[in-house]
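# Breakdown of the fold
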Amino acid sequence: MKTPNFLVIVVIPVLLLVVVLPARTAGAGEPPASAPAASQPAPPRKVTIPPGFKLLTINGRKILVEPTDEAWVATAMGKVQPTTKPATLPANLLQKLTTQREALLRQVAIDLALKDLTAAARTYDLDLVAPVRTLDNYRPPIYYLIAAPDRIAEIIRNGWSDPHFYYNRAADSVSFNPAGALTADRPQDEVVFPAAYDLKETPEKKAEALTIMIGSTEASIRASIEIRARTLVGSQFAAIIQSQGVEPLGLKEDQQWFGLGVASILSAKYASVITGDARAELVKMLTAEHPANPIPTSAVDLLHPVNVSDMRQDMLPAYFDAVRRKSGRAVQAIADKAGDAGIAKAIVAVREKKPADGAALVKVVQEATGVELTALLSKG
């Protein structure tokens, strides 16, 4: 029998860790998320040790290894630094969220012209601080399966299974896909990561390959957690702005751009305080044309939005992305010319005058800030 090809698919950090955030109001024309099922989540999946393998714990890492490999594996793993926290960024973000809490909430009150911060403070604590704390406490139960590629194929052929390993009988090969392996919104499954080696190599070369592979896996997990933490900070600030500042405005369909833009631009402002990223860079990331989006922002008319029920379902994500970017660009124009105070003035004016439609809202914003936005909102 030929030696099977063992394909370890590259771990993409943003796909590796899944965190489900609290449901929020949908954006302009965006269908609301379906309600979650009332049933209890399935209990976490436990690892099944393959026949002929044994479990070792060395320097805090769980290793699945055959007795014939135990000596060189134990020597190699004994030289690897003990495990620590998967990622340090959540702890740093948590500290800043705590120390900057009062200052940020005061700024939210100023920017959204709020008199009562009770609801905003509760959302801050429950929907922003708590999920970041969850990531800080996150310790995924990882197991490393150490074996030659043909041995991994053999144990799968003989009945051992794992949801992230797939055996292709026609090609006599095994692939591994880590997407969604790590979850922080429910009890974490025990997860097996492969650590394959070449049978023809010396024990020293096998040990070197093993440490590199484990280091790469742990780096991917760390990057996944840190990316998720950064993203969570921005998205949850946007949720606070949406619920506390935008929803009370009761914006109509052709006025949704205003709320989307305010949430984008102000969330970048607050997130920059916590993550240390430059506000200008965050704004650029949120408003610049996305090269992979087939719908350019120039094709979107925010004052005369399309009926999304007439659009192809597979194009809706691209359309909503273009809408958000163009909306952010319009509100950033207010900040550029009238400062952040201009955004607050616009919010107060819209709240008080309750413009009848999109064109009337543009006029109200111009009267409050001196900024005329029709050209930025129209198609073209």
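First things first, this report covers the structure right here in the doc. (Residues numbered from 1 in each chain as written. Predicted model: local features only at pLDDT ≥ 70, side-chain atom pairs only at ≥ 80, totals over all residues. Heavy atoms only, no water.)

### Points about the overall build of the protein chain
For the protein chain, the helix and strand inventory stands at 12 helices and nine strands. Taking all 380 residues of the protein chain together, 48% fall into the buried category. Across the protein chain, contacts joining residues at least 24 apart in sequence account for 72% of those joining residues at least 6 apart. (Helix = DSSP H or I, 4+ residues; strand = E, 2+ residues; numbered from the N terminus. Buried < 20%, exposed > 50% of the residue type's maximum accessible area, 1.4 Å probe, protein only. Contact = heavy atoms within 4.5 Å.)

### What to know about the layout of surface pockets
Estimated volume of the second largest pocket: approximately 350 Å³. Together, 16 residues line the second largest pocket, and Thr83, Thr84, Pro86, Pro140 and Glu218 are the ones closest to its centre. Counting only elements with at least two residues in the lining of the second largest pocket, the list comes to strand 4 (61-65), strand 5 (142-147) and helix 7 (203-246). Per element, the largest residue contribution to the lining of the second largest pocket is three residues, and it comes from helix 7. Of the residues contributing to the lining of the second largest pocket, the split by class is seven nonpolar, three polar and six charged. (1 Å grid on protein atoms, 1.4 Å probe; cavity = no way out; pocket = protein on both sides within 12 Å on 5 of 7 lines; lining within 4 Å. Points joined across faces, edges and corners; volume = space filled by probe spheres on them. Nonpolar A, V, L, I, M, F, W, Y, C, P; charged D, E, K, R; others polar.)

### Some points on helix 3 (residues 89-99)
Within helix 3 the residues assigned to the buried category are Leu89, Pro90, Leu93, Leu94 and Leu97. The buried side chains of helix 3 occupy one side of the element, clustering within an arc of 135° when seen end-on. In helix 3, the exposed residues that point more than 90 degrees away from the buried face are Gln95 and Thr99. Summarising the contacts, the buried residues of helix 3 are in contact with helix 4 (101-111), helix 5 (118-136), helix 7 and helix 8 (256-275). (Arc of directions from axis to C-beta.)

### Describing the environment of Ala74
Examined against the element boundaries, Ala74 turns out to sit in helix 2 (residues 70-78). When the C-alpha positions of Ala74 and Ala207 are compared, they lie 9.4 Å apart, and in sequence the two are 133 residues distant.

### Quick notes on the sheet that holds strand 9 (residues 191-196)
Read across the sheet, four strands follow the order 3-4-5-9 without closing on themselves; strand pairing throughout is mixed. On the outer flanks of this sheet lie strand 3 (54-58) and strand 9, each paired with one strand and no other. On average, each strand axis in the sheet is tilted by 30° relative to the strand beside it, whichever way the strands run. Of the strand pairs in this sheet, strand 5 and strand 9 are connected by six bridges, and their pairing is parallel. Following the sheet pairing, Tyr144 is matched in strand 9 by Phe193. (Pairing = 2+ DSSP bridges. Axes fitted to C-alpha atoms, helices over the stretch in contact; angles between N-to-C directions.)

### Overview of the nonpolar core
Ranked by size, the top nonpolar core spans 111 residues in total, and within it Phe237, Trp257 and Phe258 carry the most contacts. Here this core takes 16 residues from helix 10 (residues 316-353), the largest share from any one element. In contact with Phe258, other than residues within four places in its own chain, are Leu249, Leu251, Val331, Ala346, Ile347, Val350, Leu361 and Val365. (Core = buried A, V, L, I, M, F, W, Y, C linked by side-chain atoms within 4.5 Å.)

### Concerning the pattern of salt bridges
Two side chains of opposite charge can pair, provided their charged atoms sit close to one another. Applying the stated criterion to the full structure yields 18 salt bridges. Between Glu218 and Arg61 there is a salt bridge, with its nearest N and O atoms 2.7 Å apart. Within this pair, whereas Glu218 is found in helix 7, its partner Arg61 is found in strand 4, the two being separated by 157 residues in sequence. Arg279 is the salt-bridge partner of Asp340, the closest N and O atoms lying 2.8 Å from each other. (Salt bridge = Lys/Arg side-chain N within 4 Å of Asp/Glu carboxyl O.)

### Some points on the pairing of strand 9
Successive residues of a regular strand alternate their side chains across the two faces of the sheet. Counting buried positions over the six residues of strand 9 gives six, a clear majority of the element. Of the two faces of strand 9, the one lined by Val191, Phe193 and Ala195 and the one lined by Val192, Pro194 and Ala196 are each fully buried.

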